[in-house]
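Letter by letter, the chains look like this.
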Amino acid sequence: MNPIRKAVFPAAGLGTRFLPATKAQPKEMLPVVDKPIIQYGVEEAVASGIDQIIVVTGRDKRAIVDHFDISFELEHYLKDRGKTRELQVVRKISDMVDITYIHQKEPLGLGHAVLMAKDVVGNEPFAVFLADDIIKSQTPAIRQMMDVYQAQESSVLALQRVEPDQVSRYGIVKVVRSEGRIHEVADMVEKPEPGKAPSNLAILGRYVLKPSIFGILETTHEGVGGEIQLTDALRTMAQQEKLLGLEFEGTYYDVGTVSGFLKTSIAYALERPGLREELLAYLRTLDGLSHQA
Ligand code: G1P
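Computed from a predicted model, the values in this text were never measured in an experiment.

Undergrad: Just to check I follow, could you spell out the site of the ligand for this structure?
TA: Contacts to the ligand come from L130, D133, R169, Y170, G171, E190, K191, I203, G205 and T231. Within the contact set of the ligand, an oxygen atom lies 2.7 Å away from a side-chain nitrogen or oxygen of E190. Within the contact set of the ligand, an oxygen atom lies 2.8 Å away from a side-chain nitrogen or oxygen of K191. Expressed as a share of its isolated accessible area of 380 Å², the protein-covered part of the ligand is 83%.

Undergrad: Explanation requested: the packing of helix α3 (residues 72-80) against helix α4 (residues 84-95) in the structure shown.
TA: Running from N to C, α3 and α4 cross one another at 155°; their axes reach a closest spacing of 9 Å. The angle between α3 and α4 places the two elements in the roughly antiparallel class. The two elements α3 and α4 cross, and the hand of that crossing is left-handed. Residues L74, E75, L78 and K79 of α3 form the contact with α4, whose participating residues are E86, L87, V90, R91 and S94. Here the contact of α3 with α4 is built from residues that sort into four nonpolar, one polar and four charged.

Undergrad: Whenever I open this one, the environment of E163 confuses me. Can you help?
TA: Looking at the element boundaries, E163 is found in the loop between β8 (155-161) and β9 (171-179). On the accessibility criterion, E163 (56% relative accessible area) is exposed. With 38 residues separating them along the chain, E163 and L201 place their C-alpha atoms 9.3 Å apart.

Undergrad: I'm lost on the pattern of salt bridges in this one. Help?
TA: Once their charged atoms are close, side chains differing in charge can pair, the charge on each being opposite to the other. Scanning the entire structure with this criterion turns up 18 salt bridges. Of the charged contacts, one joins E218 and K118 as a salt bridge, the two residues approaching to 3.1 Å between their closest N and O atoms. Here E218, found in helix α8 (residues 212-218), pairs with K118, found in helix α6 (residues 118-121); they are 100 residues apart in sequence, far enough to count as distant. Residue classification places E218 among the partly exposed residues on the basis of a relative accessible area of 46%. D147 is the salt-bridge partner of R143, the closest N and O atoms lying 2.8 Å from each other. Note that R143 and D147 are positioned in helix α7 (residues 141-152) at a spacing of four residues, about one turn of the helix. A relative accessible area of 39% places D147 in the partly exposed class. One network of salt bridges, with partners in common, ties together R5, K6 and E124.

Undergrad: How should I be thinking about the side chain of R206 in this particular structure?
TA: Positionally, R206 belongs in strand β11 (residues 201-209). There is a polar contact of 2.8 Å between the side chain of R206 and the backbone oxygen of D133. Sequence-distant contacts of R206, that is, excluding residues within four places in its chain, are made with E44, V128, F129, L130, D133, I134, I135, I142, M145, V156, L157 and A158.

Undergrad: Sorry if this is basic, but what is going on with unusual backbone geometry here?
TA: Keep in mind that most residues, glycine aside, have a negative phi and that most peptide bonds are trans. The step from L19 to P20 runs through a cis peptide bond, and the omega angle for that step is 5°. Structurally, P20 is set in the loop between β1 (6-11) and β2 (31-32). Phi is positive for V33, close to 60°, though the residue is something other than glycine. Structurally, V33 can be placed in the loop between β2 and β3 (35-36). Taking relative accessible area as the criterion, V33 reaches 28% and is therefore assigned partly exposed. A positive phi is found at E153, a non-glycine position, where the angle reads about 50°. On the secondary structure map, E153 appears in the loop between α7 and β8.

Rules used in this analysis
- All residue numbers here refer to positions counted from 1 along the written sequence of the relevant chain.
- The predicted nature of this model means local features are confined to residues of pLDDT at least 70 and side-chain atom pairs, given and counted, to a pLDDT of 80 or more, with totals for whole chains, interfaces and linings taken over all residues.
- No hydrogens and no water enter the side-chain calculation; it runs on all heavy atoms of the structure.
- Definition of nearness: a residue and a molecule or strand are near each other if at least one heavy atom of the residue lies within 4 Å of the molecule or strand.
- Counting of polar contacts relies on pairs of N or O atoms within 3.5 Å, with two restrictions inside protein: one atom must be capable of donating a hydrogen and the other of accepting it, and residues adjacent in sequence are counted only when both atoms are side-chain atoms.
- Each accessible area is a Shrake-Rupley estimate made with a 1.4 Å probe; only the visible protein chains count as cover when residues are assessed.
- Fitted lines through C-alpha atoms serve as axes, helices being fitted only where they are in contact, and the angles separating the N-to-C directions of these axes extend from 0 to 180 degrees.
- A run of H or I in DSSP counts as a helix once it spans at least four residues, and a run of E counts as a strand once it spans at least two, with each numbered from the N terminus.
- By definition in this entry, angles of less than 35 degrees are roughly parallel, angles greater than 145 are roughly antiparallel, angles of 65 to 115 are roughly perpendicular, and the rest are oblique.
- Note on convention: the crossing is left-handed when the near helix lies turned anticlockwise from the far helix by less than a right angle, right-handed when the turn is clockwise.
- Contacts are assigned to residue pairs with any non-hydrogen atoms lying within 4.5 Å of each other.
- The classification used treats Ala, Val, Leu, Ile, Met, Phe, Trp, Tyr, Cys and Pro as nonpolar, Asp, Glu, Lys and Arg as charged, and all other residues, Gly among them, as polar.
- Categorising residues by exposure relies on relative accessible area from a 1.4 Å probe, with only protein chains included: less than 20% of the type maximum marks a residue as buried, more than 50% marks it as exposed, and the intermediate range marks it as partly exposed.
- We count a salt bridge whenever a side-chain nitrogen from Lys or Arg sits within 4 Å of a carboxyl oxygen from Asp or Glu.

Here it is in structure tokens:
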């Protein structure tokens, strides 16, 4: 069986929720503490044994390309000043992994972005990462999913239970059979109204997919918002072959909304030695102020 070596990162969205911050840079480059969002996902992929990253970019890919490229000027400067730690941080990024960039001319949807990677992925299973979802876990979430793929040879979606009032933010699956944390998916609904969801199991931004998804995407018509939806193609896949979902172990952080992004930034900052005490003390002063108001 083919091992999973490649990961596709769709990064062509316009990031409208974060305007004006995303006017001249992709939202994947916004930092959570001091690391761009996309780097969290790339590190998860590398830690899982993936050795080729395919980033599908839109109009402003430059910052992403530069971030993962060697910066001779910066390295020279840091070396010159004896800033060894910073030099290591910068080098580690460009040494990490091979990245291929594919240009998506128009933002025609997540499904279309994945389809753009067809020729580079070829006829082998691959991972898809939505950088908006950061997952912290002992074993990387995508590794957990790759293990299920290896054992069962079916595509695997990342699942997590969400509160009933949260279902309309996600793709929600309908399950036919379950064995522990592994569920067989029969169908799914993209962003259902509360009360109309088939379960409370939400799809999060990690997918391990068989290459058969490409043929399905090619014949998937435009769906919601005039875009080619990955969820629509996955529904077809569930009718044609076995499709699994894994309730992975780990903590999920949503950086796709401004409030989620801020919460994630605070959570990560509080875990950083040297930042935690000062930030906690500051947050307490703000809380004190709100009580006075
Ligand atoms: C996308 C998918 C959705 C999934 C979500 C996870 O939605 O379409 O099925 O649940 O990612 O974050 P988006 O967040 O791009 O609206």
